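# Structure assessment
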Amino acid sequence: YEAVNNGYEDLTRKLLMHTRPFDINQRDATDEQPIHNACRRGLTNIAKLLLERGADINSPSQKGPNEPIQRPIHFARDCDNIETVKLLLNFSRESG
């Protein structure tokens, strides 16, 4: 989480390639996954790394019972991260 949250692309890549297996879709205390944070922050290259390693492109996140369900593409769109939106659309099309 910290490597993604801080935008450390090289460190994220190294951790994904060289650490023991872990759940890439594990949620934090706010019900979010690393893919949500990467998309919100417009970290397109990190989002791509996460998707290539199995991050769930359609993973829902909901802050509370009365809050809307948001998926990675919603985070990217709501924060005007156009390149990340394009990545998600292309990845979805290619893996679909």
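Just so we're clear, the structure is a prediction, and the values are computed from it rather than from any experiment.

## So, the side chain of N37
If you trace the backbone, N37 turns up in helix α3 (residues 34-41). At a separation of 2.8 Å, a polar atom in the side chain of N37 contacts the side chain of R40.

## Overview of α3
Counting buried positions over the eight residues of α3 gives six, a clear majority of the element. Along α3, the residues that are buried comprise P34, I35, H36, N37, A38 and C39. In this fold, the buried residues of α3 make contact with α1 (2-5), α4 (44-52), α5 (72-78) and α6 (82-95). Just past α3, the residue G42 takes up positive phi, approximately 75°.

## A word on the environment of V4
Within the secondary structure, V4 is located in helix α1. When near neighbours in sequence (up to four residues on either side) are disregarded, V4 contacts T12, P34, N37, A38, R41, L43, I46 and L50.

## Here's the deal with the confidence of the model for the protein
Per-residue confidence for the protein gives a mean pLDDT of 87, with 95% of residues at or over 70. At the low end of the mean pLDDT range in the protein sits α1, at 77; at the high end sits α5, at 95.

The rules we used
- Residues numbered from 1 in each chain as written.
- Predicted model: local features only at pLDDT ≥ 70, side-chain atom pairs only at ≥ 80, totals over all residues.
- Heavy atoms only, no water.
- Helix = DSSP H or I, 4+ residues; strand = E, 2+ residues; numbered from the N terminus.
- Polar contact = N/O pair within 3.5 Å; in protein donor to acceptor, adjacent residues only side chain to side chain.
- Buried < 20%, exposed > 50% of the residue type's maximum accessible area, 1.4 Å probe, protein only.
- Contact = heavy atoms within 4.5 Å.
- pLDDT = per-residue confidence, 0-100.

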